[in-house]
Amino acid sequence: MGIQVEFNPDLALRDMEEHRQGRRSIEECIPENIQEEGAYPFLKKGQRNYWMLGEIPLVRTDGIGNLSRPLASIVILEATHFSRDGEMYTRGRYLVKDVFDPNDKKVQFEGFERRDY
C-alpha cells in the first residue's frame, strides 16, 4: 500500500452548472463572474500538489480527463489536505491574476511558463 498523491500543473474545476444541479459544492466549480485580483476557494477530491510559486492555468474539467483551454491565470495562495469519511481532499484558495477572453486563441502558457505578450 502506498500514498496516492497527484501533482497537478493546473487547477481544474467544474462548470457552475454542476453546483446548480446539486452534483458539486460551489468550491468545486469555477465562479461565474470571475474577476482579476479576486481570491476564491477551491475543493478537489484527492491529495493534490500544486506549484505555488508562480502562475498556473485555471481550466474547466468535465471529470473524465477533458480540459478546456486556460480560462485564467491564477496563483495558489494556500492548499491543505484533509480527510472526510475516509477519503482525501485538498482545499485552498487561489488568486486570479488574469482572465482570458475565451475567443482569443493566443497561447497563454508554454509548459509551466506564462507567456507574456
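Below or above, wherever it landed, is the structure these notes cover.

Calculation notes
Residues numbered from 1 in each chain as written. Predicted model: local features only at pLDDT ≥ 70, side-chain atom pairs only at ≥ 80, totals over all residues. Heavy atoms only, no water. Pairing = 2+ DSSP bridges. Helix = DSSP H or I, 4+ residues; strand = E, 2+ residues; numbered from the N terminus. Axes fitted to C-alpha atoms, helices over the stretch in contact; angles between N-to-C directions. Core = buried A, V, L, I, M, F, W, Y, C linked by side-chain atoms within 4.5 Å. Buried < 20%, exposed > 50% of the residue type's maximum accessible area, 1.4 Å probe, protein only. Phe/Tyr/Trp six-rings, centres within 6.5 Å; stacked < 30°, edge-to-face > 60°. Salt bridge = Lys/Arg side-chain N within 4 Å of Asp/Glu carboxyl O. Polar contact = N/O pair within 3.5 Å; in protein donor to acceptor, adjacent residues only side chain to side chain. Patch = residues over 30% accessible without salt bridge, like charges linked within 9 Å, V, L, I, M, F, W, Y side chains within 5 Å. Areas by Shrake-Rupley, 256 points an atom, 1.4 Å probe, with all protein chains shown as cover.

Reading across from one edge, β2-β5-β6-β7-β3 is the order of the 5 strands in this open sheet, with mixed pairing throughout. What marks the edges here is a single partner per strand, and that holds for β2 (11–13) and β3 (39–45). Pairs of neighbouring strands in the sheet enclose a mean axial angle of 35 degrees, with direction left out of account. Summarising the sheet, β2 and strand β5 (residues 56–60) pair through 3 bridges and their orientation is parallel. Following the sheet pairing, L13 is matched in β5 by R60.

Attention shifts here to the nonpolar core. By size, the foremost hydrophobic cluster in this structure holds 14 residues, and its most contacted members are L11, L58, I74, I76 and Y94. Elements with a minimum of two residues in this core: β2, β3, β5, β6 (72–84) and β7 (87–99). Tallying contributions element by element places β6 first for this core, with 3 residues.

With that settled, consider the packing of aromatic side chains. Per the stated rule, a full pass over the model turns up 4 aromatic pairs. Considering the side-chain rings of Y40 and Y94, the 5.7 Å spacing of their centres and the 35 degrees angle between planes classify their relative orientation as tilted. On the criterion of sequence distance, the pair formed by Y40 in strand β3 and Y94 in strand β7 is long-range, its members being 54 residues apart. The two residues Y40 and Y94 agree in class, both being buried. For the pair F42 and Y50, a centre-to-centre distance of 5.7 Å together with 80 degrees between the ring planes defines the contact as edge-to-face.

So, on to the pattern of salt bridges. Enumeration over the complete set of coordinates arrives at 11 salt bridges. Notably, a salt bridge pairs R23 with E18, separated by 3.1 Å at the nearest N-O pair. A salt bridge links D98 to R114; the nearest nitrogen and oxygen atoms lie 2.8 Å apart. Here the residue D98 occupies a position in strand β7, and R114 occupies one in strand β9 (residues 113–114), the gap between them amounting to 16 residues. Taking the relative accessible area as the measure of exposure, D98 reaches 22% and is therefore partly exposed. Members of the salt-bridge network, linked through shared partners, are E17, R20 and E32.

Moving on to the side chain of K44. Mapped onto the secondary structure, K44 falls in strand β3. Within the structure, K44 has its side chain in polar contact with the backbone oxygen of A12 (distance 2.5 Å).

Attention now moves to a nonpolar patch on the surface. Taken together, I3, V5 and F7 make up a surface patch of nonpolar side chains, about 360 Å² in accessible area. Following the sequence through the fold, I3 ends up in the segment before β1 (6–8). A residue is classified by how much of its surface remains accessible, and I3, at 75% relative accessible area, is exposed.

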